[in-house]
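# Fold and contact review
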Amino acid sequence: MAQSTKIDYIGTEELAQLLRPSEAVAAIRDALIAGLDPAADQPRSVLSLPHGDGQLLSMPSASEHGIGVKVLSAVPDNTARGLPRIQGVHVVFQPPAYAPAAVIDGAALTTLRTPAVSVAAVLPLVTGPGRRWRTVVFGAGPQGAGHVRTLRDAGVALSDVTYVVRDPSRAQPELVREDRVVPVEQCEQWLRQADLVVCATTSARPLFDSTLLGPDVVVLAVGSHSPDAREVDSALAARAQVIVEDRKTALRECGDIALPVAEGVLTAERLLPMADVVRGEAVLDGSRPVLFKGSGMAWQDAVIADAALRKVGGATDPSRG
């Protein structure tokens, strides 16, 4: 009889102990510099759940930098039930037999990798000497707070952080900590001063008028993965240097990109793949706005999962099989 394979489970606390946010940023950058091609990923599979109550998403990826599949449920009504909106798991497969080697909490992995990707895309720009970043974050949930935590851990000098939410009384102290929390009605004054803006909401419409922003602002938009939903307006896309995870993915999944392209104010040729930026093949102009739009891709989960497992000797490197 074949011997059963031991499968490790890595939950939220275990993942946080294994991999710091700055290490997750480094893992993303290292994989891209080593030649990982985001365009090789298959499109995510999206299945509507019964009664219109959310979606089931499947995201597989296989490369020398990590092998696995993440399966998530995204149920907006869970918030009212007191449950996480996103739940699921990421399963890691170990070569050479490709047996399941580990199961990682999917929400925890998403919360770690999403800001890691955003910061990886703009790291040299936001860690340049002498600049301190006045930051506005739309959304005070795990992703908004995760971006702040990752920026700080990666060495970005944040001089001031303001969370913008619909109801400040609902902000969780353990997430926002000592940073400022204001209602959306008061966001204009903070946007006029902002150097860095993070958009991490479920909004389907632009969160603000981008003419409020300065000429060299950096905007990280990660809240949507739908071609008809966006957090930033077309005016920003028209004047910004636009970084995406992958051109085809952005045009297929990101309303922040697809809608301004359809309106004729942005072209696919202007989109900068983040791999080119990370490798230094595309150089950003620090005097112009930068917009990074991410929708989340399977390769990112696989890379972060592999980096975490290397800490416990279970990486998916074929040479270890």
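Residues numbered from 1 in each chain as written. Predicted model: local features only at pLDDT ≥ 70, side-chain atom pairs only at ≥ 80, totals over all residues. Heavy atoms only, no water.

### Considering the overall build of the chain
Threshold: A helix here means a DSSP run of H or I that spans at least four residues, while a strand means a run of E at least two residues long, and both kinds are numbered starting from the N terminus. In this treatment the radius of gyration is a C-alpha quantity, and the globule benchmark scales as 2.2 Å times the residue count to the 0.38 power. Accessibility here uses a 1.4 Å probe with only protein chains present; expressed as a share of the type maximum, an area under 20% marks a residue as buried, one over 50% as exposed, and anything in between as partly exposed. In this description, accessible areas are obtained by the Shrake-Rupley approach with a 1.4 Å probe, and a residue is regarded as covered only by the protein chains that are shown.
Across its full length, the chain carries eleven helices and 14 strands. The C-alpha atoms of the chain give 19 Å as radius of gyration, which agrees with the globular expectation for 321 residues (20 Å, within 12%). Dimensions of the chain, computed from the C-alpha atoms along their principal axes, are close to 70 × 45 × 40 Å. In the chain, which comprises 321 residues, the share counted as buried stands at 52%. Accessible surface computed for the chain: about 14400 Å², of which carbon and sulfur atoms make up 53%.

### Quick notes on the confidence of the model for the chain
As a reminder of what qualifies: pLDDT measures the predictor's confidence residue by residue and takes values from 0 up to 100. The contact criterion used is simple: two residues touch if any of their non-hydrogen atoms lie within 4.5 Å.
Summing up the model confidence of the chain, the mean pLDDT is 93 and the portion of residues at 70 or higher is 96%. Throughout residues 317–321 the model reports pLDDT below 50, and contacts reaching past four residues in sequence, or to other chains, amount to nine contacts.

### Quick look at the sheet that holds strand β9 (residues 180–183)
Sheet strands line up and pair through hydrogen bonds in the backbone, either parallel or antiparallel. Spelled out, the test is: At least two DSSP bridges between two strands are required for those strands to pair. Interaxial angles span 0 to 180 degrees and are taken between N-to-C directions of axes, which are lines fitted to C-alpha atoms, for helices over the stretch in contact.
Pairing is parallel in the open sheet, where eight strands are placed in the order β9-β8-β7-β10-β11-β14-β12-β13. What marks the edges here is a single partner per strand, and that holds for β9 and β13 (272–273). Examined bridge by bridge, strand β11 (residues 218–221) and strand β14 (residues 290–293) share four bridges and lie parallel to one another. Opposite A221, over in β14, you have K293 as the bridge partner. In this fold helix α3 (residues 106–126) packs onto β7 (133–138), β11, β12 (241–244) and β14, with an angle of close to 160° to the strand it touches most, β14. Contacts from helix α4 (residues 142–153) reach β7, β8 (158–165), β10 (196–199) and β11 within the one sheet, and its direction differs from that of β8 by about 175°.

### Details of the pattern of salt bridges
Operational definition: By definition here, a salt bridge exists when the distance from a side-chain nitrogen of Lys or Arg to a carboxyl oxygen of Asp or Glu is within 4 Å.
On inspection of all chains with the given rule, the structure shows 17 salt bridges. A salt bridge links E253 to R44; its shortest N-O distance comes to 3.0 Å. A residue pair is termed long-range when its members are at least 10 positions apart, and E253 in helix α8 (residues 247–253) and R44 in the loop between α2 (21–33) and β2 (45–48) qualify at 209 residues. According to the relative accessible area criterion, E253 is buried, its value standing at 7%. In this structure, R81 engages D53 in a salt bridge whose closest nitrogen and oxygen atoms are separated by 3.1 Å. Of this pair, R81 sits in the loop between β4 (66–74) and β5 (86–94) while D53 sits in the loop between β2 and β3 (55–63), and the two are 28 residues apart along the sequence. Taking the relative accessible area as the measure of exposure, R81 reaches 46% and is therefore partly exposed.

### Notes on helix α9 (residues 255–263)
Listing the buried residues of α9 in full gives G255, D256, I257, A258 and P260. Of the residues trailing α9, G264 is marked for its positive phi of about 85°.

### Structural notes on the packing of α2 against α3
Put simply, the test is: Two helices cross in a left-handed way if the nearer one is turned anticlockwise from the farther one by less than a right angle. They cross in a right-handed way if the turn is clockwise. For this scheme, ten residues count as nonpolar: Ala, Val, Leu, Ile, Met, Phe, Trp, Tyr, Cys and Pro. Four count as charged, namely Asp, Glu, Lys and Arg, and the remainder, Gly too, count as polar.
At their nearest, the axes of α2 and α3 sit 8 Å apart, and the two run at 65° to each other. As for how α2 packs across α3, the hand of that crossing is right-handed. When α2 is examined against α3, the residues P21, A24, V25, I28 and R29 are found in contact with a partner set consisting of L112, A116, V117, V119, A120, L123 and P124. Taken together, the residues that form the contact of α2 with α3 break down as eleven nonpolar, no polar and one charged.

### Thoughts on the state of the cysteines
For clarity, the threshold we go by: Note on terminology: pairs of cysteine sulfur atoms within 2.5 Å are recorded as disulfides.
Per the stated rule, a full pass over the model turns up zero disulfides. You can see C187 has no disulfide; the closest cysteine sulfur is in C199, sitting 10 Å from it. The class of C187 is buried, set by a relative accessible area of 9%.

### Things to note about the pairing of β8
This is how it is decided: Here a crossover is taken to be right-handed if, once the strands point away from the viewer, the path from the first strand over the helix to the second is traced clockwise.
With six of eight residues buried, β8 lies mostly within the body of the structure. When β7 meets β8, the two strands line up parallel, connected through six bridges. Bridge pairing in β8 places T135 opposite V161. Running through α4, the crossover from β7 to the neighbouring parallel element β8 is right-handed.

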